[in-house]
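# Summary of structural features
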Amino acid sequence: LSDLLKRSASFSLLASLFSLTALIGPPEPHPAIRLDVAFTIEEFSSHFLFGMAAVLPSLSPGLAAYGAIAAVTIDLDHLPVALGFQLIGRPAHSLTFLALSAAVMGIALRSGKHFDWPLGLATAAAVLSHISYDLYEASRLDFPLLMPIHPINLALPSGLWAPLQVAAISCSAAAGLPRWRQLEKALRRILRNGRTWRRREKAT
Ligand SMILES: [Zn+2]
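The following paragraphs examine the structure supplied in this document.

Each value, and the rule that gives it
Residue indices begin from 1 for each chain and proceed along its sequence in written order. The predicted origin of the model limits local features to residues at a pLDDT of at least 70 and limits the giving and counting of side-chain atom pairs to 80 or more, whereas totals for whole chains, interfaces and linings rest on all residues. The side-chain numbers reported here are obtained from all heavy atoms of the structure, hydrogens and water having been left aside. When the centres of two rings from Phe, Tyr and Trp lie within 6.5 Å, Trp using its six-membered ring, the rings pair. Their planes under 30 degrees apart give stacked, over 60 give edge-to-face, and anything left gives tilted. Note on conventions: DSSP H or I runs of at least 4 residues are helices, E runs of at least 2 residues are strands, and numbering of each starts at the N terminus. Each residue is assigned to one of three classes by its accessible area relative to the maximum for its type, calculated with a 1.4 Å probe on protein chains only: buried under 20%, partly exposed between the two thresholds, exposed over 50%. The rule for donors is simple: an N, O or S atom within 2.8 Å of the metal counts, and for Na, K and Ca the reach is 3.2 Å. Water is not among the atoms, so a site may look short of donors. Geometry is assigned from donor-metal-donor angles: four donors are tetrahedral when every angle falls between 85 and 135 degrees, four are square planar and six octahedral when opposite donors sit over 155 degrees apart with all other angles between 65 and 115, and any other arrangement is irregular. Definition of nonpolar core: a set of buried residues of the types Ala, Val, Leu, Ile, Met, Phe, Trp, Tyr and Cys, connected through side-chain atoms within 4.5 Å. Contacts between residues were defined by any pair of non-hydrogen atoms, one from each residue, lying within 4.5 Å. Here a helix's expected span is defined as the number of its residues, less one, multiplied by 1.5 Å. Each C-beta atom gives one direction from the helix axis, and the arc is the one those directions make. Salt bridge, as used here: a side-chain nitrogen of Lys or Arg that lies within 4 Å of a carboxyl oxygen of Asp or Glu. Without a salt bridge and with relative accessible area above 30%, a residue can belong to a patch; like charges are then joined within 9 Å and nonpolar side chains (Val, Leu, Ile, Met, Phe, Trp, Tyr) within 5 Å. Note that accessible areas follow from Shrake-Rupley with a 1.4 Å probe, and for residues the cover is restricted to the protein chains shown. Lines are fitted to the C-alpha atoms to define the axes, a helix being fitted only along its stretch in contact, and any angle between axes, read from their N-to-C directions, falls within 0 to 180 degrees. Note on terminology: angles under 35 degrees are roughly parallel, angles over 145 are roughly antiparallel, angles of 65 to 115 are roughly perpendicular, and the others are oblique. If you view the pair so one helix is near and one far, a crossing is left-handed when the near helix is turned anticlockwise from the far one by less than a right angle, and right-handed when it is turned clockwise. Three classes are used, and their members are as follows: Ala, Val, Leu, Ile, Met, Phe, Trp, Tyr, Cys and Pro are nonpolar, Asp, Glu, Lys and Arg are charged, and the others, Gly among them, are polar.

## Description of the packing of aromatic side chains
- Enumeration according to the criterion identifies nine aromatic pairs in this entry.
- Note on Phe-11 and Phe-97: the rings are 5.6 Å apart at their centroids and 65 degrees apart in plane angle, and the pair reads as edge-to-face. Taken together, the residues span a long stretch of sequence, with Phe-11 in helix 1 (residues 2–18) and Phe-97 in helix 6 (residues 95–108) at a distance of 86 residues. Across the pair, Phe-97 and Phe-11 agree in class, each one buried.
- Ring geometry for Phe-50 versus Trp-161: centroids 6.2 Å apart, planes at 50 degrees, classification tilted. Of this pair, Phe-50 sits in helix 3 (residues 41–55) while Trp-161 sits in helix 8 (residues 161–175); the two residues are 111 residues apart in sequence, bridging distant segments of the chain.
- Owing to a relative accessible area of 29%, Trp-161 belongs among the partly exposed residues under this scheme.
- An aromatic cluster of three or more residues is present, and its members are Phe-11, Phe-18, Tyr-66 and Phe-97.

Written as structure tokens, this is what we have:
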């Protein structure tokens with residue numbers, strides 16, 4: 001549980017800090033947002049479930065829980081706009097944040113000497129699944145994909161939600177590769193035992 005807290009808190013902090021890149025970007029007019037409309041339970045739970053579904057193929061309950069939480073807390077990047085600043089919104093809804101957060105999480109929270117690939121890939125999966133659900137819901141189809149290198153909203157087709165979610169699932173399946181191998185070995189052992197058991201049945 002402490003791992004989950006540490007990971008979720010670190011990712012939330014990253015998303016909040018990354019929202020500061022909006023300061024570099026050009027101004028963008030926003031109507032005054034009503035927080036009770038922007039952040040509904042439905043929105044939270046949808047992102048949570050999309051994130052959970054994307055990270056489940058890692059076969060790690062810990063990573064799946066982290067992925068689900070990260071897919072919700074990435075919206076902390078709405079902060080500057082929510083505070084009334086007329087800046088480019090949602091900087092963490094970008095490929096640059098995807099790469100940066102995956103790299104930072106994998107380096108900063110690794111337990112040994114090596115890059116924590118499962119955590120990095122689960123982080124990438126969470127970000128992809130979040131953008132996927134935003135597209136699916138289609139409240140807005142433009143994202144500052146290359147923030148802050150190219151601080152402009154780029155439009156995406158709403159149908160891209162499915163390939164993005166598949167990409168997220170692939171990332172987390174790659175994160176779970178060692179576990180998938182273990183599962184395969186276990187299944188083979190069960191099949192082999194079943195066969196020898198049947199052969200013994202026939203002999204008697
Ligand atoms: Zn969003």
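On we go from here.
## Topic: the coordination of the zinc ion
- For the zinc ion, the protein coordination sphere consists of Asp-75 (OD), His-93 (NE2), His-130 (NE2) and Asp-134 (OD), at 2.1 to 2.6 Å.
- In this structure, the zinc ion is surrounded by four donor atoms whose angles at the metal cover 81 to 171 degrees, and the resulting shape is irregular.

## As for the nonpolar core
- Membership of the largest hydrophobic core comes to 36 residues, with the highest contact counts inside it found for Phe-11, Tyr-66, Phe-97 and Val-127.
- Elements with a minimum of two residues in this core: helix 1, helix 3, helix 4 (61–73), helix 6, helix 7 (117–137) and helix 8.
- For this core, the element with the highest residue contribution is helix 7, accounting for 10 residues.
- In this view, Phe-97 contacts Phe-11, Leu-14, Ala-15, Phe-18, Ile-74, Pro-91, Ala-92, Ala-102 and Val-127; residues no more than four positions away in its chain are not counted.

## What to know about helix 3
- In a regular helix each residue adds 1.5 Å, so 15 residues correspond to 21 Å; helix 3 covers 21 Å between its end C-alpha atoms and thus fits that length.
- When we look at burial in helix 3, the residues that qualify are Glu-43, Ser-46, His-47, Phe-50, Gly-51, Ala-54 and Val-55. Buried residues of helix 3 fall within an arc of 150 degrees about the axis and therefore sit on the same side. Along helix 3, exposed side chains directed more than 90 degrees from the buried face belong to Ile-41, Glu-42 and Leu-49.

## Details of the pattern of salt bridges
- As enumerated under the stated definition, the model contains three salt bridges in all.
- Between Arg-140 and Asp-142 there is a salt bridge, and its shortest N-O distance comes to 3.0 Å.
- Note on Arg-140: relative accessible area 30%, which makes it partly exposed.
- The class for Asp-142 is partly exposed, based on a relative accessible area of 21%.
- Across the salt bridge formed by Arg-188 and Glu-184, the nearest N and O atoms sit 2.8 Å from each other. In this pair, Arg-188 and Glu-184 are both assigned in helix 9 (residues 177–203), four residues apart and thus about one turn of the helix distant.
- Classification of Arg-188 by relative accessible area gives exposed; the value is 52%.
- Through salt bridges that share partners, Glu-28, Arg-140 and Asp-142 make up one connected network.

## With respect to a nonpolar patch on the surface
- A grouping of Leu-59, Leu-177, Trp-180, Leu-183, Leu-187 and Ile-190 is seen on the molecular surface, where their side chains present a nonpolar patch of about 540 Å² in accessible area.
- Relative to the helices and strands, Trp-180 is located in helix 9.
- A relative accessible area of 37% places Trp-180 in the partly exposed class.

## What to know about the packing of helix 4 against helix 7
- Here helix 4 crosses helix 7 at 40 degrees, and the two axes come no closer than 8 Å. Between helix 4 and helix 7, the angle is such that the two are oblique. For the element pair helix 4 and helix 7, the recorded crossing hand is right-handed. Listed contacts from helix 7 to Leu-63, Tyr-66, Gly-67, Ala-70 and Ala-71 of helix 4 are Pro-118, Leu-119, Ala-122, Thr-123, Ala-126, Ser-129 and His-130.
- Of the residues belonging to the contact of helix 4 with helix 7, the class tally is eight nonpolar, four polar and no charged.

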